[in-house]
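Residue-level listing of the chains:
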Amino acid sequence: MSNSVNQGPIDKSIDGTVKYLDDRFSTAGFIKRNMRKVFPDHWSFMLGEIALYSFIILLLSGTYLTFFYKPSMLEIVYDGSYLPLKGIKMSEAYASTLEISFDVRGGLLMRQIHHWAALLFVASVSIHLLRVFFTGAFRKPREINWLIGTGLLTLAIFEGFSGYSLPDDLLSGTGLRIASGIVLAIPVVGTYASYLVFGGEFPGLDFMSRLYTIHVLLIPGILLGLITAHLMMVWYQKHTQYPGPGRTNNNVVGYPLLPVYMAKAGGFFFIVFGILVLVSALVTINPIWAYGPYIPDQVTAGSQPDWYIGWLDGSTRLMPNWEITIPGLFTLSLNVLIPTLILPGLMFTILGLYPWIEQWITGDKRAHHLLERPRNNPNRTGLGVMALTFYAILWISGGNDIIAQMLNLSINAITITMRAMLIIAPPIAFVITKRICLSLQHKDKELLLHGEPTGRLLRLPSGEFIEIHEPVSDAKRAVLLSRTELPMLPVPASHDANGVKTPNLWAKKLQRRLSHWWSVDQVPLPTVAELESATEHTLHELSEAQEQGVELTKDTPAPTSNH
Amino acid sequence: MSNELEHEGSSILPVQQTSTEVNTPVSVLPPHVLRRADIDPIAATRAERQVSIMFLLSALFTLLAIVSFIAIPVDQYVRVPGAGVTQASNLAVGFTLGMAILLIGLGAIHWAKKLMPDEEVTDSRHSFSSSKEIRQSVMEEIRLGGQESGFATRKIVRRSLLTALALLPLPAVVLALDFGPTPKNELRSTLWGKGVRLVTDPTGRLLRPEDFQVGSLVSAHPENLHDWEEENHNLNARAKTPILVVRMSPEELRSTQGEGWDYQGIVAFSKVCTHVGCPIALYEHRTHHLLCPCHQSTFDLADSANVVFGPAARRLPQLPISVDSEGYLIAQSDFQEPVGPSFWERG
Ligand code: HEM
Ligand code: FES
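Everything quoted here is computed from the prediction, not taken from an experiment.

Examining the pairing of strand β7 (residues 266-270) of chain B
Residue and element names in this part refer to chain B. Burial analysis of β7 places 5 of its 5 residues in the buried class, the great majority of the element. The alternating pattern of β7 places I266, A268 and S270 on one face and V267 and F269 on the opposite face, and all of these are buried. Relative to β7, strand β6 (residues 243-247) is paired through 5 bridges, and the arrangement is antiparallel. Directly across from V246, in β7, lies its bridge partner V267. For β7 and strand β12 (residues 318-319), the ladder comprises 2 bridges, and the chain directions are antiparallel. Looking at β12, one finds that F269 is bridged to Q318.

Rendered as structure tokens:
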């Protein structure tokens, strides 16, 4: 390409850098392979990007905060410039957070950027997860990346909670008090664990500095490592793509890394960052000065944790007060254990293992690079909406006192209603979602066979009126026809050819039954013959319409059927 | 394995519906449509101008951000319609900086969309699975390595190694033992005891029975808490000692936790929720119900502070009270059971 005549300074520096690096690390080959790497484009693929960018912004703003924040529970008397709290006893942690907010220029801005970025981080991770789930992007070969993603979500929640707790204000201290109660509830070792975590009784003096290390070093370090692995896998396995014309399971269609994808992704980072800064300039978040310092015998009513903790708060509120006590021996606090440790543990385990669960049910071990439209997998979509409903009810229950106040109802009535809803609503959500998916499948089939209604009428020789249909566009047709059919598994034989009993027959039978259930309701796509005769019919109708002088819209293929 | 759709070696399959393989336009990209700026040099120049204006505006906002950072004192406040009183510095620096950053992003995206090539390109995917031969040879080699090491055959070596490795993490657990003291009796005792006077918090006023009207509720602490905190500089005692004191007319009291624990209808209960330890705050004196703001456990003070509703499983411990010779309210003893959340050894 570039010969050495007429080289500008930019060419020279490009050539120089490429040569320098290649001489030492043989990088030219790698760059050549990746420079024009293709990235499919879709708005929903930006969700993972938002997560990544908010993580970077968290690292930047968080590092700034560490220069001022003091992770110390030592008690001092406040003497800063926030007058309402002057002369009040508080921890150094709380006082230093006040200092950042009121005495450091740009400090409040950084605090608010950090907090807003944290909220956005967990939100974008969660919605990204939903996108990956509902499009089936977790299927082979991307199961491991899904598992890493589950780990990322878990860590993101812990990271958020630990950061929320650092200012040692009344709200966050109350959160820690609850956390200490949860640790105490762990069977057998709970009391010891809580003494080790807090350095003795709650609240002690050690916890904040320990939590600080966890928040600024341990969890971010693991997050950084896992995010790197996550992105390397996306890179190496190449991104999935939505169905469309020219998109198959064997290719990847999109924009090359250099320049378009790079410009768009880079530009998008600045957009996310810019919006976060603007929001932080305009909207106050977590005004810790209004809550006051943490004092164990004080509390405010109607306070809410950050949004991603709400579902745990809700599960704790809904739990009946089951506790098993054997006097003189032990107390087992199921009322605390189940909603805060057992249920979330179970939910995240199922979430992480979902790709393998679905794979086992369907027996589908093929690699999938073409995303599935949610309607084309009604059971998965139904299960997803069911899980979302469960989550939403827990989340809403986290505000049962606020709802009670707003609706002027008793908290008890709302709690009892929500308990019932938690059990009844998810299965109903499943059934409804599945129904909707199947009827959308029917609609798709109709579209393929009969085309799109145009709203114009045609008078048949018999005098009857029919509506003119146009064949769907090629682009739409490609989308409608892309479907991953899942053959049902065969009935397992109880003995093999040599008369040996099949091991785990019951499991195979269950698997076969589930696989049957998974695909039995699918609306079959039209066969080639059906499609052809339908096309012919539509074209015939169209040519008749033209003879009658009905005006047609632009993209309709000329009705010159050669079938 | 016949039970599954497995395809050794080639993990990429045409997963499109078989019926569609003929007759569908699936394998062709739609024709590329040129944009205005691709064909019209005036449109291209306009786009170019728009992009550079955004970048220049960004530069301007950066300068403004620096100016506002230096010029606006941190303790100056302004009233913003809709947002109330806010820190002027936060507003000005944040707004200018946000715009500076945002405009770079908008400019870059506009540039990419209007001026960079927008023709989609296609690349092919390759199966991740290596050929059968390569896999086979890798498996062989691993097996060979295993044999050469003797891991499978030399049982004693293997078992002793596994024993050593299994024990190695134990020191880490032992190290953790010094993260905190071993629990002793702390969770079962508080600063309350025989003769300890009740004081209000934070004013430290001593309490007499005459201070209580029927229905009035007061938060109190042991008199010795103040000295203890002067000496110990932590909040551990305060997390356990707070009580709520209320006077009820005798006919309202349906039950108490013990004979003679109240003083003329004045009863004292731990303020620490038996669920996970929040301080209980909301009292409805018509029903005598106490509500914990954390998870809404409700306790009935007229009925030994038993749980009426919510996730808490145990009543609030009662503190037996009386008056001393000078007429001040005092505790008759410490709580007779641990206050606050349950723990395993509580029994
Ligand atoms: C720290 C949190 C996370 C970050 C920074 C992150 C980032 C990303 C990015 C930038 C992509 C490519 C763009 C996209 O498809 O959106 C991606 C893809 C992916 N992510 Fe995440 N992600 C996170 C959490 C998760 C979670 C919680 C899950 C699921 C449990 C998950 C599963 C996946 C999968 C399976 C892909 C491949 C998708 C495909 O190729 O279509 N990720 N992630
Ligand atoms: S701490 Fe009181 S109800 Fe949970």
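What about the state of the cysteines?
Residues and elements named next belong to chain B. For the coordinates displayed, the defined rule picks out 1 disulfide over all chains. Between the sulfur atoms of C278 and its disulfide mate C294 the distance is 2.0 Å. Looking down the S-S bond of the C278 and C294 bridge, the torsion is -85°, so its handedness is left-handed. Highlighted residues: C278 in the loop between β7 and β8 (282-284) and C294 in the loop between β9 (289-291) and β10 (298-300), separated in sequence by 16 residues. A relative accessible area of 1% places C278 in the buried class. Here C294 falls in the buried class, since its relative accessible area comes to 9%.

Considering the site of ligand 1
Residue and element names in this part refer to chain A. Taken together, 25 residues surround ligand 1, and among them H128, R131, H230, H239 and T240 come closest. A distance of 3.0 Å is found between an oxygen atom of ligand 1 and a backbone nitrogen or oxygen belonging to F45. In this structure, an oxygen atom belonging to ligand 1 sits 3.2 Å away from a main-chain N or O atom of G48. Elements with a contribution of two residues or more to the shell around ligand 1: α3 (46-66), α5 (107-134), α6 (143-165) and α9 (207-237).

Points about a nonpolar patch on the surface
Residues and elements named next belong to chain A. A cluster of nonpolar side chains, contributed by I144, L147, L346, I350, L353, W356 and I357, occupies part of the molecular surface with about 610 Å² of accessible area. For the nonpolar patch, the elements supplying multiple residues, two or more each, are α6 and α13 (334-362). Take the nonpolar patch: its biggest share by element is 5 residues, from α13. The class of I357 is partly exposed, set by a relative accessible area of 35%.

Remarks on the sheet that holds β9(B)
Residues and elements named next belong to chain B. Overall, antiparallel pairing links the 4 strands, which are arranged β8-β9-β10-β11 in an open sheet. The open sheet has two edge strands with one neighbour each: β8 and β11 (306-309). In this sheet, adjacent strand axes meet at a mean angle of 30° when their direction is disregarded. Of the strand pairs in this sheet, β10 and β11 are connected by 3 bridges, and their pairing is antiparallel.

Looking at empty space enclosed by the protein
Applying the stated criterion across every chain yields a total of 7 cavities of 30 Å³ or more. Considering only enclosed or pocket space, the largest cavity measures out at about 190 Å³ in volume. In terms of lining, the largest cavity is formed by 17 residues, of which the most central are R177(A), L184(A), F202(A), L187(B) and K240(B). Among the secondary structure elements, those contributing two or more residues to the lining of the largest cavity are α7 (170-184) and α8 (190-198) of chain A. The element that contributes the greatest number of residues to the lining of the largest cavity is α7(A), accounting for 3 residues. Tallied by class, residues from the lining of the largest cavity come to 9 nonpolar, 5 polar and 3 charged. Around the second largest cavity, the lining comprises 16 residues; the ones closest to its centre are R139(A), E358(A), T362(A), D364(A) and H368(A). In terms of residue count, α13(A) provides more of the lining of the second largest cavity than any other element does, 4 residues in total. Partitioned by chemical class, the residues of the lining of the second largest cavity number 3 nonpolar, 5 polar and 8 charged.

Quick look at the coordination of the iron atom of ligand 1
Residues and elements named next belong to chain A. For the iron atom of ligand 1, the full set of protein donor atoms is H128 (NE2) and H230 (NE2), and the range of their distances to it is 2.0 to 2.1 Å. Note that the iron atom of ligand 1 binds 6 donor atoms; their angles at the metal cover 82 to 180°, and the shape is octahedral. Here H128, found in helix α5, pairs with H230, found in helix α9; they are 102 residues apart in sequence, far enough to count as distant. Relative accessible area serves as the criterion here: at 14%, H230 is assigned to the buried category.

A few points about the interface of chain A and chain B
Contacts between chain A and chain B engage 131 residues on the former and 108 residues on the latter. For the pair chain A and chain B, the summed buried area comes to about 10100 Å², and 63% of that belongs to carbon and sulfur atoms. In this structure, E201(A) and K240(B) form a salt bridge, with 2.7 Å as the shortest nitrogen-oxygen distance. Scanning the region where chain A abuts chain B turns up 26 residue pairs in polar contact (both at pLDDT 80 or more).

Observations regarding the nonpolar core
The biggest cluster of nonpolar side chains holds 72 residues, and the ones touching the most others in it are I57(A), F121(A), W146(A), I157(A), L223(A), F268(A) and V272(A). Take this core: its biggest share by element is 12 residues, from α5(A). Apart from the residues lying within four places of it in its own chain, the contact partners of F268(A) are M46(A), E49(A), I50(A), Y53(A) and I109(B). Counting 28 residues, the second-largest nonpolar core is a separate cluster that includes I178(A), A185(A), L334(A) and L244(B).

Focus: the packing of α5(A) against helix α10 (residues 257-282) of chain A
Residues and elements named next belong to chain A. At their nearest, the axes of α5 and α10 sit 9 Å apart, and the two run at 120° to each other. It follows that α5 is oblique to α10 by the angle criterion. In this structure, the crossing between α5 and α10 has a hand that is right-handed. Facing α5, whose interface residues are L109, Q112, I113, W116, A117 and L120, α10 presents V272, L276, V277, V279, S280 and A281.

Side note on unusual backbone geometry
Note that the residue after K140(A), namely P141(A), is joined by a cis bond; omega there is 10°. Here the amide bond leading from L258(A) into P259(A) is cis, since omega sits at 0°, within 30 degrees of zero. With a phi angle near 50°, H233(B) is a residue other than glycine that sits in the positive phi range. Mapped onto the elements of the fold, H233(B) is located in the loop between α7 (225-232) and β6.

Digging into the sheet that holds strand β4 (residues 251-256) of chain A
Each strand in a sheet pairs with another by means of backbone hydrogen bonds, the pair being arranged parallel or else antiparallel. Taken together, the 3 strands give an open sheet; going across it, the order is β1(A)-β4(A)-β3(B), and neighbouring strands pair in antiparallel fashion. Each edge of the open sheet is held by one strand with a lone partner, namely β1 (38-39) of chain A together with β3 (121-124) of chain B. Pairing analysis gives 2 bridges linking β1(A) to β4(A), with the strands arranged antiparallel. Of the residues in β4(A), the one forming a bridge with F39(A) is Y255(A). Where α10(A) meets the sheet, its contacts fall on β1 and β4 of chain A, and the angle it forms with β4(A) comes to roughly 75°.

Remarks on a negative patch on the surface
Residues and elements named next belong to chain B. Residues E223, D227, E230 and E231 make up a contiguous surface patch of negative charge. Among the secondary structure elements, E223 is positioned in the loop between β5 (217-222) and α7. Exposure remark for E223: the relative accessible area of 38% places this residue in the partly exposed category.

Some details on the packing of aromatic side chains
Applying the stated rule across the entire model yields 30 aromatic pairs over all chains. Here the aromatic rings of F198(A) and F202(A) are separated by 5.3 Å at their centres, their planes lie at 75°, and the arrangement is edge-to-face. With respect to class, F198(A) is no different from F202(A); both count as buried. Here the aromatic rings of W517(A) and W518(A) are separated by 5.9 Å at their centres, their planes lie at 75°, and the arrangement is edge-to-face. Given the relative accessible area of 33%, W517(A) is considered partly exposed. Note that R208(B) overlies the ring of Y328(B), its terminal NZ or CZ placed 4.4 Å from the centroid.

A short note on the packing of α10(A) against helix α3 (residues 88-114) of chain B
Geometry of a packed helix pair, given as the angle between the helix axes and the separation of the axes. Running from amino to carboxyl end, α10(A) crosses α3(B) at an angle of 160°, the nearest separation of the two axes being 7 Å. Taken together, the axis directions place α10(A) and α3(B) in an arrangement best described as roughly antiparallel. For the pair α10(A) and α3(B), the sense of crossing is left-handed. When its residues are assigned to classes, the contact of α10(A) with α3(B) shows 22 nonpolar, 7 polar and 2 charged.

The rules behind each value
- Each chain has its residues counted from 1, following the order in which its sequence is written.
- The order in which chains are written sets their letters, starting at A; the order in which ligands are written sets their numbers, starting at 1.
- In keeping with the model being predicted, local features are shown solely for residues with a pLDDT of at least 70 and side-chain atom pairs are shown and tallied solely at 80 or more, while totals for entire chains, interfaces and linings include all residues.
- Only hydrogens and water are set aside when side-chain values are computed; all heavy atoms of the structure are taken into account.
- When accessible area is computed with a 1.4 Å probe and restricted to protein chains, residues below 20% of their type maximum are described as buried, those above 50% as exposed, and intermediate ones as partly exposed.
- Per the convention used, a helix needs a DSSP run of H or I reaching at least four residues, while a strand needs a run of E reaching at least two, with both numbered from the N terminus.
- Paired strands, in this sense, are two strands between which DSSP finds at least two bridges.
- Here, two cysteine sulfur atoms that lie within 2.5 Å of each other are counted as a disulfide.
- When we say a residue is near a molecule or strand, we mean one of its heavy atoms is within 4 Å of it.
- Pairs of N or O atoms are called polar contacts if they sit within 3.5 Å, as long as, within protein, a hydrogen donor faces a hydrogen acceptor (for residues adjacent in sequence, only side-chain-to-side-chain pairs).
- Patches draw on residues past 30% relative accessible area with no salt bridge. Two like charges within 9 Å are joined, as are two nonpolar side chains (Val, Leu, Ile, Met, Phe, Trp, Tyr) within 5 Å.
- Using a 1.4 Å probe, accessible areas were evaluated by the Shrake-Rupley method; residue-level cover was limited to the displayed protein chains.
- The rule for a salt bridge is simple: a side-chain nitrogen of Lys or Arg has to be within 4 Å of a carboxyl oxygen of Asp or Glu.
- For helices, the fitted axis covers only the stretch in contact; all axes are lines through C-alpha atoms, and the angles between them, taken along N-to-C directions, range from 0 to 180 degrees.
- Grid points spaced at 1 Å and placed over the protein atoms alone form the basis of the search, with a cavity being a set where a 1.4 Å probe fits but cannot get out and a pocket an open set showing protein on both sides within 12 Å along at least five of seven lines. Lining residues have an atom within 4 Å of a point.
- Grid points are joined across faces, edges and corners, and a volume is the space filled by probe spheres set on the points.
- Think of it as three bins: nonpolar holds Ala, Val, Leu, Ile, Met, Phe, Trp, Tyr, Cys and Pro, charged holds Asp, Glu, Lys and Arg, and polar takes everything else, Gly as well.
- Keep in mind that water is not among the atoms, so a site may look incomplete; donors are the N, O and S atoms within 2.8 Å of the metal, or 3.2 Å for Na, K and Ca.
- Key to geometry: four donors with every angle between 85 and 135 degrees are tetrahedral; four donors are square planar and six octahedral where opposite donors lie over 155 degrees apart and all remaining angles lie between 65 and 115; all other sites are irregular.
- Two residues form a contact once any of their heavy atoms are found within 4.5 Å.
- Summed over both partners, buried area is the accessible surface (1.4 Å probe) that two parts give up on being assembled.
- Definition used in this section: a nonpolar core is a set of buried Ala, Val, Leu, Ile, Met, Phe, Trp, Tyr and Cys residues joined via side-chain atoms within 4.5 Å.
- The labels follow the angle: roughly parallel below 35 degrees, roughly antiparallel above 145, roughly perpendicular from 65 to 115, and oblique for the rest.
- The handedness criterion is simple: a crossing whose near helix is rotated anticlockwise from the far helix by less than a right angle is left-handed, and one whose near helix is rotated clockwise is right-handed.
- The positive count covers Lys and Arg only, the negative count covers Asp and Glu only, and His and the chain ends enter neither.
- To locate a charge, take atom NZ for lysine, CZ for arginine, CG for aspartate or CD for glutamate.
- Aromatic pairing here means that ring centres of Phe, Tyr or Trp (its six-membered ring) are within 6.5 Å. Orientation follows from the plane angle: under 30 degrees is stacked, over 60 is edge-to-face, and everything else is tilted.
- When the NZ atom of lysine or the CZ atom of arginine is within 6 Å of a ring's centre and also within 35 degrees of its normal, the charge is said to sit over that ring.

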